[in-house]
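Structure assessment
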Amino acid sequence: MASRDFFIHQNYVLMDRGYPFLKGVGSLENKFLGDNLSAIGKPIFVCGLARSGTSVVTQMLQTHPDLGSLLYKDLPMLAMPYFWSFVSDWYYRGVKPHQRPHKDGLKIDPNTPDAFEEFLWRKELDDYQKDQLSTWLGADFADPSLEQCLKSIIPKVVFIRKAKRYLSKGNYNLFRIQYLASLFPDSQFVLCFRNPFDHAHSLARVHALFSTQENKYAGDQMAILGHYEFGPQRQALGDKKAQEKAWKAGADYEGYLYQWLEVYQGVYDHYLSDKILRKRILLFDNEALVRSPQKRLQELFKFCDLSVTPSNIKKLSEKVHQRNVYKASEKIPEKLKKDVEALYKKLKSHL
């Protein structure tokens, strides 16, 4: 197992270090495909803090034949997905569905979508880690290199999947909705959230899991992909002071509650008061999905302008599993508890 883990890790290193060359090959792909590539139309961006249900929502949507996503089998050649598509099935032959490292019951295989687009943001966005990881990007933001990259790769993903529209999972895209809405004028956004106390416990659990020796490569791999939610490479988001103070004291749960409050207060302030942009955002409550999966899935597909039969909705709803409900054992500041409860109530009032 150790040798297999090392081999997988080298794939991530190859993807990271070889990006300039692979990007150049990707440019040749676009010239080769030429008129076969369609204009980008009505892309869907699924976003929200990690552990908010973005993976489940993306996997549900990805079952629709009109949608195409970046998949595990696109690794490690994300920058040249078309040429790599002739090799990827052979490369990943024999890989069967298996539980992902989060140990949350979700299974992955080479055809599973995930937040691989973030790797491109990390490579192309100026000052990504220093300033832009959790900066709220407005409609007036511009980054020509990033925009050229996205507009180069997205049509190829749609073409390879024989789809009509692009489906993106990107947790940090919740900071970029105004920018993406401007960049792709007909885009739609599914913004996931979850009961904050359960959410913080889930983040703390996965952080502990990814911080063990058993997952010694996980931190580096997630950093390469542009994921800093948990593990040795964890970073605070937004106003970092309260989060970092709690984490330094060993209070992971409390720190993640501060993070939830910081991030979703930004969501409330930046998006929910904008009547025009709000129409393009589906605020998606994970608890509501668990309670009423068929109803919420119908709402999801309808918002995304995707036709789906009742029988397919029923099949998909059977894959929605009950989330763990945690009993808070850690003491947290009373003001933090009240502020989190108040914001959660305000978010639910906008459903």
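The preceding data block contains the structure.
Here goes a summary of the coordinates provided. Note that the coordinates shown come from a computational prediction; the quantities given were computed from them, not determined experimentally.

Conventions adopted
- Residues numbered from 1 in each chain as written.
- Predicted model: local features only at pLDDT ≥ 70, side-chain atom pairs only at ≥ 80, totals over all residues.
- Heavy atoms only, no water.
- Helix = DSSP H or I, 4+ residues; strand = E, 2+ residues; numbered from the N terminus.
- Phe/Tyr/Trp six-rings, centres within 6.5 Å; stacked < 30°, edge-to-face > 60°.
- Buried < 20%, exposed > 50% of the residue type's maximum accessible area, 1.4 Å probe, protein only.
- Pairing = 2+ DSSP bridges.

Here we take up unusual backbone geometry. Cis geometry is found at the peptide bond from leucine 75 to proline 76, where omega equals 0°. Here proline 76 is to be found in the loop between β2 (67-68) and α4 (81-91). In this structure, lysine 42 takes a positive phi of about 50° despite not being glycine. Summarising the element assignment, lysine 42 is placed in the loop between α2 (19-33) and β1 (44-47). Positioned with a positive phi, lysine 162 is a non-glycine residue whose angle comes to about 55°.

Turning to the packing of aromatic side chains, a few remarks are in order. Under the defined criterion, the tally for this structure stands at 22 aromatic pairs. Arranged with centres 5.6 Å apart and planes meeting at 85°, the rings of tyrosine 19 and phenylalanine 119 form a pair that is edge-to-face. Remark: phenylalanine 119 occurs in helix α5 (residues 117-124) and tyrosine 19 occurs in helix α2; sequence separation between them is 100 residues. Of the two residues examined, tyrosine 19 and phenylalanine 119, each falls in the buried class. With 5.2 Å between their ring centres and 85° between their planes, tyrosine 82 and phenylalanine 86 make a pair best called edge-to-face. Remark: phenylalanine 86 and tyrosine 82 occur in helix α4; sequence separation between them is 4 residues, near one turn of the helix.

With that settled, the discussion passes to the pairing of strand β5 (residues 165-169). Within a regular strand, the side chains alternate between the two sheet faces. Burial analysis of β5 places 5 of its 5 residues in the buried class, the great majority of the element. Of the pairings in the sheet, the one linking β1 to β5 comprises 3 bridges and is parallel in character. Pairing of valine 46 across the sheet is with lysine 169, part of β5. Note: β2 against β5, 2 bridges, orientation parallel. Counted as the bridge partner of leucine 67 is arginine 165 from β5.

None of this, on its own, says anything about what the molecule does.
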